[in-house]
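# Topology and contacts: notes
Now for the letters of each chain:
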Amino acid sequence: MQHYQRIRDLREDHDLTQEALCKKLYMHKTTYTNYEQGKHTVPLDFAVLLANFYDVSLDYIAGRTNIPVNRHTVSLHEDAAAVLQKYTALTERNKGKLEQFLDTLFEQQAQQKEAQ
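Residues numbered from 1 in each chain as written. Predicted model: local features only at pLDDT ≥ 70, side-chain atom pairs only at ≥ 80, totals over all residues. Heavy atoms only, no water.

## A few points about the packing of aromatic side chains
Quick note on the threshold: Working definition: rings of Phe, Tyr and Trp (its six-membered ring) pair if their centres are within 6.5 Å, and the pair is stacked with planes under 30 degrees apart, edge-to-face with planes over 60 apart, and tilted otherwise. Helix and strand labels come from DSSP, where a helix needs a run of H or I of at least four residues and a strand needs a run of E of at least two; each type is numbered from the N terminus. The classification of residues rests on relative accessible area computed with a 1.4 Å probe and restricted to protein chains. Under 20% of the type maximum is buried, over 50% is exposed, and intermediate values are partly exposed. For a Lys NZ or an Arg CZ to count as sitting over a ring, it must be within 6 Å of the ring centre and within 35 degrees of the ring normal.
Taken as a whole and assessed by the stated rule, the structure comprises three aromatic pairs. Ring geometry for Tyr32 against Phe46: centres 6.3 Å apart, planes inclined by 70°, an arrangement best described as edge-to-face. Of this pair, Tyr32 sits in helix α3 (residues 29-36) while Phe46 sits in helix α4 (residues 44-54), and the two are 14 residues apart along the sequence. Among the residues examined, Tyr32 registers a relative accessible area of 0% and is labelled buried. A ring pair is formed by Phe53 and Tyr54, whose centres lie 5.0 Å apart and whose planes are at 80°; its orientation type is edge-to-face. Of the residues examined, Phe53 reaches a relative accessible area of 34% and is grouped as partly exposed. Tyr54 sits in the buried class, given a relative accessible area of 5%. These aromatic residues form a ring-pair network of at least three members: Tyr32, Tyr35 and Phe46. Of note, Arg6 hangs over the ring of Tyr60, and the distance from its end group to the ring centre comes to 3.9 Å.

In structure tokens:
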């Protein structure tokens, strides 16, 4: 995923218009629009500002990971991070299916423990 698409997704996920975001960040809308449309490369200092604003990692802004959580605030084992990355890439429907499957596995595990 390109960084300009990621910053647009973040803005939309936070229910912000370009105008509202620009007002919060004290910047000109045309400048931001050019970043979001990929017409200009996002400068590092602005990427850091966005990462702090949305509380995500720079790797997430850059599209190097699909895990939005700022890794400085949460530490995950590599296996858990890989599962989370796959989960976030699923559609909402498939996330629901996975959650149902996990519930079934937990129930089976609990029943096995009770049987012992």
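## Remarks on helix α2 (residues 18-25)
This is how it is decided: Working definition: the arc comes from the directions between the helix axis and the C-beta atoms, pointing outward to the latter. We call two residues contacting when some pair of their heavy atoms lies within 4.5 Å.
Where α2 is concerned, the buried positions are Gln18, Leu21, Cys22 and Leu25. For α2, the angular spread of the buried residues around the axis is 100°, confining them to a single face. On its buried face, α2 sits against α1 (3-13), α3 and α4. Where α2 terminates, the next one or two residues include Tyr26, which has phi positive at roughly 55°.

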